Amino acid sequence: MPTISTADFKNGLGLRIKDKVYTIVEFQHVKPGKGGAFVRYKTRDIKSGRVVENTCNAGTKFESVMLTTREFQYLYNDGADYIFMDNETYEQVPVPEDMVGENSKWLRENDNAQLLYADTELLGVNPPMFIEAEVVETVPGAKGNTVQGATKPATIDTGAVVQVPMYLNEGERIKVDTRTGEFVQRL
């Protein structure tokens, strides 16, 4: 297992601490006038997204983790697993439903997604940052409903519910930001 020192810290670097994988969000080396140097650092838990702030002595060793993302094509859901295909090797990879989680509402067959790996361990699935979708169901916009910023719920063809402007109707195509679940523009 490769180890690194606090002197090697960089933003985005992967660490394994107590069997959990983290990325370094930010860090600061501190050399007080009295006493030994120490490092303040913030890490983000890859699975939960939670940010934790810690302090340690300068020179402390950590286990390094190689974080990689690879492009895969989403093929189908067989009921228990989501099946993805590696775009380079054409190998099919089953991913458990609980690992895909909330991101499943943004996946559409044949769309590309990124699978995040720590060394060889699969950590999660990230859908494309933006998707183009069709509004399948929404209440019709009434004449005069042109209040600035007014929105209404709309179901898109992936099954997700998105807040859209009042002027949109069923059958229209929109662009959605999958990170926030927000409407971006009409296409």
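Our structure's up above, just so we're on the same page.
For clarity, every value in this text was computed on a predicted model and none was experimentally measured.

## Observations concerning a nonpolar patch on the surface
On the surface, Met-129, Phe-130 and Val-184 cluster together into a nonpolar patch covering about 260 Å² of accessible area. Looking at the secondary structure, you find Val-184 in strand S16 (residues 182–186). The exposure class of Val-184 is partly exposed, given its relative accessible area of 38%.

## Section: the sheet that holds strand S7 (residues 67–77)
Spatially, the five strands line up as an open sheet ordered S9-S8-S7-S10-S11, and their pairing is antiparallel. Each edge of the sheet is formed by a strand with only one pairing partner; in this case those strands are strand S9 (92–96) and strand S11 (121–126). Sheet twist, expressed as the average angle between the axes of neighbouring strands with direction ignored, equals 40 degrees. Alignment of strand S10 (residues 112–118) against S11, held across five bridges, turns out to be antiparallel. If you follow Leu-115 over to S11, its bridge partner there is Val-125.

## Remarks on the pairing of strand S15 (residues 173–177)
Successive residues of a regular strand alternate their side chains across the two faces of the sheet. Where strand S12 (residues 130–138) and S15 come together, five bridges link them in antiparallel fashion. Paired with Glu-132 across the two strands is Lys-175, which belongs to S15. Note: S15 against S16, four bridges, orientation antiparallel. Bridging across to S16, Val-176 finds its partner in Phe-183. Hairpin connection, S15 to S16: the antiparallel pair is bridged by four residues, and Gly-181 has positive phi, about 75 degrees.

## As for the side chain of Asp-177
Relative to the helices and strands, Asp-177 resides in strand S15. Looking at Asp-177, the relative accessible area reads 10%, which means it is buried. Ignoring anything within four residues of it in the chain, the contact list for Asp-177 reads Met-129, Phe-130, Glu-182 and Val-184.

## Quick notes on the pattern of salt bridges
Oppositely charged side chains can pair when the atoms bearing their charge come close. A complete count under the given rule lists nine salt bridges for this structure. Its salt-bridge partner being Asp-45, residue Lys-20 comes within 3.9 Å of it at the nearest N-O pair. With Lys-20 in strand S3 (residues 20–30) and Asp-45 in strand S4 (residues 38–45), this pair connects stretches of sequence that are 25 residues apart. Asp-45 sits in the buried class, given a relative accessible area of 9%. Between Arg-179 and Asp-177 there is a salt bridge, and its shortest N-O distance comes to 3.0 Å. According to the relative accessible area criterion, Arg-179 is exposed, its value standing at 56%. Linked by salt bridges that have partners in common, Arg-16, Glu-63 and Glu-121 make up one network.

## Considering the sheet that holds S12
Taken together, five strands build an open sheet; the order of strands is S14-S13-S12-S15-S16 and the sheet is antiparallel. What marks the edges here is a single partner per strand, and that holds for strand S14 (161–165) and S16. Going across the sheet, the axis of each strand differs from the next one's by a mean of 55 degrees, ignoring polarity.

## Topic: the environment of Thr-155
One can find Thr-155 in strand S13 (residues 151–156). Along the sequence, Thr-155 and Asn-169 sit 14 residues apart, while their C-alpha atoms lie 11 Å from each other. Once you skip the residues sitting within four places of it in the chain, Thr-155 turns out to touch Glu-134, Val-135, Val-136, Glu-137, Ala-160 and Val-161.

Conventions we followed
Residues numbered from 1 in each chain as written. Predicted model: local features only at pLDDT ≥ 70, side-chain atom pairs only at ≥ 80, totals over all residues. Heavy atoms only, no water. Patch = residues over 30% accessible without salt bridge, like charges linked within 9 Å, V, L, I, M, F, W, Y side chains within 5 Å. Areas by Shrake-Rupley, 256 points an atom, 1.4 Å probe, with all protein chains shown as cover. Salt bridge = Lys/Arg side-chain N within 4 Å of Asp/Glu carboxyl O. Helix = DSSP H or I, 4+ residues; strand = E, 2+ residues; numbered from the N terminus. Buried < 20%, exposed > 50% of the residue type's maximum accessible area, 1.4 Å probe, protein only. Pairing = 2+ DSSP bridges. Axes fitted to C-alpha atoms, helices over the stretch in contact; angles between N-to-C directions. Contact = heavy atoms within 4.5 Å.

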